Amino acid sequence: MKVLGACPLDCPDGCSWVVDVADGTAVGLRGNKEHPVTRGALCVKVNRYLEQVHSPERITHPLRRVGRKGEGRFERITWDEALDEIATRLTGIVDEYGGEAIWPFHGTGSLGYLQGLEGFSGRRFFNALGASLHDPTICSIAGSTGLKYTLGTSGGMDPEDFTRSKLILLWGTNPLSSGHHVWKFVQDSGAYTVAIDPVRSRTAERCDEHLAPLPGTDAALALGLMHVIVSLGAEDGAFLAAHTEGWPEFRGRVEEYTPERTAAITGVPVERIVALGERIARTRPTAIRASQGMQRHAGGGMALRTLACLPGVTGDWAIPGGGLHYSTSGHFRLDVPALVRFDLLPNPVRTLSMTRMGEALLETTAPPVKALFVIAANPVGSNPDQRRVIEGLSREDLFTVVLEHFPTDTADYADIVLPATMQPEHLDVIAAYGNLYLVWNEPAVAPPGECLPTTETFRRLAERMGLTEPALYDSDEELANQLLKQYDIDRLRADGFLKIDPRPVPTDKLRFVSPRAAAAGHDPLAGYTPPADPGDGLVLISAASHYFLNTTFGSNPELRRRAGEPTVMIHPDDASARGISDGDPVTVANERGSFDAIAEVSDAVRPGVAATPKGRWAKHTGGATVNATIAERDSDFGGGAVFHDNRVQITPHPST
Ligand SMILES: Nc1nc2c(c(=O)[nH]1)N[C@H]1C(S)=C(S)[C@@H](COP(=O)(O)OP(=O)(O)OC[C@H]3O[C@@H](n4cnc5c(=O)[nH]c(N)nc54)[C@H](O)[C@@H]3O)O[C@H]1N2
Ligand SMILES: Nc1nc2c(c(=O)[nH]1)N[C@H]1C(S)=C(S)[C@@H](COP(=O)(O)OP(=O)(O)OC[C@H]3O[C@@H](n4cnc5c(=O)[nH]c(N)nc54)[C@H](O)[C@@H]3O)O[C@H]1N2
Ligand SMILES: [Mo]
């Protein structure tokens, strides 16, 4: 039997897959050939998804902690015992501190609207209890907010239109590792390709040209390129007059960014800036693929806001194959309010920021966080400021429930661990963020042991707590129907995927001057915000690993083997200044924390920059990962994380 499903991972591609089932077991998993983006191919990680499903490490029964927090010692209990204990603890906490003392901490382990997605699954239950809201700030919020200021939406081009582009700028994005399916459209276009990245990534290696700006200086580079375009008189006057607001003011700002000044800020030579500006000036359509990487900086929101102005100056927004693609999420017409039902909240409640977990667990009062539900997240591995996250999770008075597949670094701090189903075992719906397809995930097999879908876990918990609101008991199919009212759900279910119609971009006028930004207390005019980490030392970028998906797959034996030891890449000049040779064990440290790695001396990073892949498990690497060095600091817009805006010292181990 073949069953159509959807990859649930946090990746732009949102693949459609086919599960082969024999005797009730999933025996094969491959990309759906019919899906125009998946085109039959998965990726180096998801090709091993069934190893994860059948892994002996998988958690298949409820567990209760018997050791100290963090030790990872648990005993098996029944679902009845688990539900009783959780219900009793929650009732006590709500009575004493109020519902806001409960924090449902959702991660991106599954992008399914029913079983995961940053705050949707189980939210009805938490609303009924008046629990704190969870702001998913960890991934892409700065860029989305910045784009909305310029475009009215964060949903940009349809990436399938890259096939019509003549010039493609791959800006702060590494699709060959972090979502490779878009690359086929780039290749099919035959366009001239330029990578803009402080690191010569897998993607940069394959492009016609690579510019390596200093991290966090992209908005200045964009302004400098627009300067060159305007100096040539190549701006699109008709587009500017008809479709934009604030061009005279913005033109003034563009004029400040001469190639010389831009070179001084970005570290990119004047002649390269001029040459690329000239190339953009003469090439229609020009498309930009920018993704989350470049906005993990103090000025990351402004970077996307200003980058989206470039196709406004050239008029590319009006040409098929021109414009910018960041995330397509804004194009979907999903009825999220009907799914999450915030109207069930008894009163307005506070919002806790995902990336401020250390602060929320250690400093927040009125009320303090007393109960934490971790749902499809691994904050010990993925959040900033690992030491403080661990300190917060170690609090004896904090009641922590972790819904998981695997014994992660975070699960080790749970009071109760609940076994969750994996994708072939539950119903779900995915809306890709790197293309315009909805993908349906039909359950293919029965779950192992006593694993339950997140939805079912919260239905049972609601019942155990005696909650009477009928909406808490809607089935998964009912939830899907409520979410997908605008779409032909029967067709979606039959085909496994459905292409949606995009909304117009910009939604009305492109705003160089944004009243919304001004109202939020930001510069009314698009511009450049410099990086903020005040430390000296090298800027450490911790971008996507080719072999892990955040910390997911972090314990897969073959992927761990292929990823090798944790490494930190450092430029030969920076290495010799520190007495470091290729292969040396080094310590990477700053005032927040440190981790150990093997030095990889290479000119694939520019001087002043170091790089290490994200996604390692602390328990495999001496108790700390790169996230021990990252600050719990907000980016300019939306309170996003600043993973790549991070200064560190790198020193050889004393023994070498
Ligand atoms: N294999 C794999 N795929 C993944 C993930 C993974 O962990 N592994 N993660 C998934 C998730 S959650 C997301 S959000 C996406 C993210 O995918 P991407 O947007 O590709 O994000 P990153 O990998 O963080 O960074 C991409 C590139 O940006 C560069 N970069 C960093 N700072 C700057 C800067 O200031 N300017 C410029 N121009 N470039 C900069 C990095 O060197 C890196 O090569 O990928 C998803 N796909
Ligand atoms: N240093 C550094 N850190 C980063 C980043 C970076 O660029 N650099 N990028 C950040 C980004 S972009 C993101 S999105 C975050 C992601 O951070 P997290 O949201 O913490 O994502 P993961 O680390 O993948 O952990 C997800 C967990 O969910 C579990 N899971 C998967 N599916 C399900 C399910 O259906 N049910 C349940 N109950 N559990 C499930 C998986 O087993 C896994 O342990 O990490 C961030 N961390
Ligand atoms: Mo992300």
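Residues numbered from 1 in each chain as written. Chains lettered and ligands numbered in written order. Predicted model: local features only at pLDDT ≥ 70, side-chain atom pairs only at ≥ 80, totals over all residues. Heavy atoms only, no water.

**Some points on the UniProt feature "domain: 4Fe-4S Mo/W bis-MGD-type" (unreviewed entry) in the protein**
Condition: UniProt positions are given in the numbering used here, feature names are shortened, and annotations may be inferred rather than shown by experiment. Every helix listed is a DSSP run of H or I at least four residues long, and every strand listed is a run of E at least two residues long, numbered separately from the N terminus.
Taking the numbering used here, the UniProt-annotated feature "domain: 4Fe-4S Mo/W bis-MGD-type" (unreviewed entry) corresponds to residues 1-57. This span, residues 1-57, is 9% helix and 33% strand, and a straight line between its end C-alpha atoms measures 27 Å.

**Quick look at the site of ligand 2**
Inclusion rule: Consider each residue's heavy atoms; a residue with any of them within 4 Å of a molecule or strand counts as near. Definition of a polar contact: a pair of N or O atoms within 3.5 Å, with one able to donate and the other able to accept a hydrogen when the atoms are protein atoms, and with sequence-neighbouring residues admitted only if both atoms are side-chain atoms. The protein chains shown are the only cover counted for residues, whose accessible areas, like all others here, come from Shrake-Rupley with a 1.4 Å probe. Here the nonpolar group is Ala, Val, Leu, Ile, Met, Phe, Trp, Tyr, Cys and Pro; Asp, Glu, Lys and Arg are the charged ones; every other residue, Gly included, is treated as polar. For each domain, the first and last residues come from an automatic or database assignment.
Taken together, 30 residues surround ligand 2, and among them Asn378, Ser382, Glu404, Thr551 and Thr552 come closest. Within the contact set of ligand 2, an oxygen atom lies 3.3 Å away from a side-chain nitrogen or oxygen of Arg296. Ala376 places a main-chain nitrogen or oxygen 3.4 Å from an oxygen atom of ligand 2. Contact with the protein chains hides 97% of the accessible area of ligand 2, taken as 930 Å² for the molecule alone. Of the residues belonging to the shell around ligand 2, the class tally is 10 nonpolar, 16 polar and 4 charged. Both domains that furnish three or more residues to the shell around ligand 2 are identified here as domain 2 (63-132 + 349-499) and domain 4 (538-652).

**What to know about the site of ligand 1**
The immediate surroundings of ligand 1 are formed by 34 residues, with Asp197, Gly216, Asp218, Ser291 and Phe548 found nearest. Between ligand 1 and Ser178, the relevant distance is 2.7 Å, taken from an oxygen atom to a side-chain nitrogen or oxygen of the residue. Side-chain polar atom of His297 to an oxygen atom of ligand 1: 2.8 Å apart, as the coordinates give it. Grouping the constituent residues of the shell around ligand 1 by class yields 13 nonpolar, 15 polar and 6 charged. Counting contributing residues per domain, the shell around ligand 1 is built from domain 3 (141-329 + 504-519) and domain 4 (538-652), each supplying no fewer than three.

**Remarks on the nonpolar core**
The condition that has to hold: For the purposes of this section, nonpolar cores are sets of buried Ala, Val, Leu, Ile, Met, Phe, Trp, Tyr and Cys residues that join through side-chain atoms within 4.5 Å. To sort residues, take the accessible area from a 1.4 Å probe on protein chains only and compare it with the maximum for the residue type: under 20% means buried, over 50% means exposed, and anything in between is partly exposed. Two residues form a contact once any of their heavy atoms are found within 4.5 Å.
Counting 66 residues, the largest nonpolar core has Trp171, Met226, Phe250 and Leu307 as its most contacted members. With 10 residues, helix α8 (residues 218-231) is the largest single contributor of residues to this core. For Phe250, the residues in contact, after removing those within four places along its chain, are Leu223, Met226, Cys309, Val313, Phe512, Leu525 and Ala526. Counting 44 residues, the second-largest nonpolar core is a separate cluster that includes Ile138, Leu352, Met354 and Val648.

**Re the sheet that holds strand β22 (residues 538-541)**
Through backbone hydrogen bonds, the strands of a sheet pair up, either in parallel or in antiparallel fashion. Note the cut-off: Pairing between strands is defined by DSSP: at least two bridges between them are needed. A fitted line through C-alpha atoms represents every axis, and for helices the fit uses only the stretch in contact; the resulting angles, taken between N-to-C directions, go from 0 to 180 degrees.
Spatially, β22-β26-β23-β25-β24-β27 is the arrangement adopted by the 6 strands of the closed barrel, whose pairing is mixed. Neighbour to neighbour, the strand axes of the sheet diverge by 45° on average, direction disregarded. By the bridge criterion, 4 bridges tie strand β24 (residues 585-589) to strand β27 (residues 647-652) in an arrangement that is antiparallel. If you follow Thr587 over to β27, its bridge partner there is Thr651.

**Re α8**
Here is the rule we go by: Under the convention used throughout, the expected extent of a helix is 1.5 Å for every residue step, that is, one less than its residue count.
Along its 14 residues, α8 runs 20 Å from first to last C-alpha, staying within 8% of the 20 Å computed at 1.5 Å per residue. Burial analysis of α8 places 13 of its 14 residues in the buried class, the great majority of the element. Positive backbone phi, at 70°, marks Gly233, one or two positions downstream of α8.

**Examining the domain arrangement of the protein**
Basically, it comes down to this: In short, buried area is how much 1.4 Å probe accessible area vanishes from two parts on joining, totalled over both. We count a salt bridge whenever a side-chain nitrogen from Lys or Arg sits within 4 Å of a carboxyl oxygen from Asp or Glu.
The domain boundaries assigned to the protein delineate domain 1 (2-53), domain 2 (63-132 + 349-499), domain 3 (141-329 + 504-519) and domain 4 (538-652). The distance between the C-alpha centroids of domain 3 and domain 4 comes to 27 Å. Listed by partner, the interface residues are 28 residues for domain 3 and 24 residues for domain 4. With both chains or domains summed, domain 3 and domain 4 bury close to 1900 Å², and 58% of this area falls on carbon and sulfur atoms. Together, Arg200, Arg296 and Ala298 form the three largest contributors to the area buried by domain 3 at its contact with domain 4, with a combined 29%. One can count 1 salt bridge joining domain 3 with domain 4. The closest approach of N and O atoms between Asp603 and Arg200, which form a salt bridge, is 3.1 Å.

**Looking at the packing of α8 against helix α11 (residues 259-266)**
Operational definition: For classification purposes, angles smaller than 35 degrees are called roughly parallel, those larger than 145 roughly antiparallel, those between 65 and 115 roughly perpendicular, and all remaining angles oblique. Handedness of a crossing follows from how the near helix is turned relative to the far one, being left-handed for an anticlockwise turn of less than a right angle and right-handed for a clockwise one.
For the pair α8 and α11, the least separation of the axes is 9 Å and the interaxial angle reads 160°. Here α8 lies roughly antiparallel to α11, going by the angle between them. Judged by the sense of rotation from one axis to the other, the crossing of α8 with α11 is left-handed. Residues Ala220, Leu221, Gly224, His227 and Val228 of α8 form the contact with α11, whose own contacting residues are Pro259, Thr262, Ile265 and Thr266. Considering only residue class, the contact of α8 with α11 consists of 5 nonpolar, 4 polar and no charged.

**Some details on the sheet that holds strand β5 (residues 74-76)**
In spatial order, the strands read β5-β4-β17-β16-β15-β6; together these 6 strands make up an open sheet with mixed pairing. Each edge of the open sheet is held by one strand with a lone partner, namely β5 and β6 (102-106). Across this sheet, the average inter-strand angle for adjacent strands is 20°, counted without regard to direction. Pairing of strand β4 (residues 63-65) with β5 involves 3 bridges; the strand directions are antiparallel. Opposite Arg65, over in β5, you have Phe74 as the bridge partner. Packing of helix α2 (residues 79-97) onto the sheet brings it into contact with β4, β6, β15 (371-375), β16 (399-404) and β17 (416-419), and relative to β17 it is tilted by some 130°.

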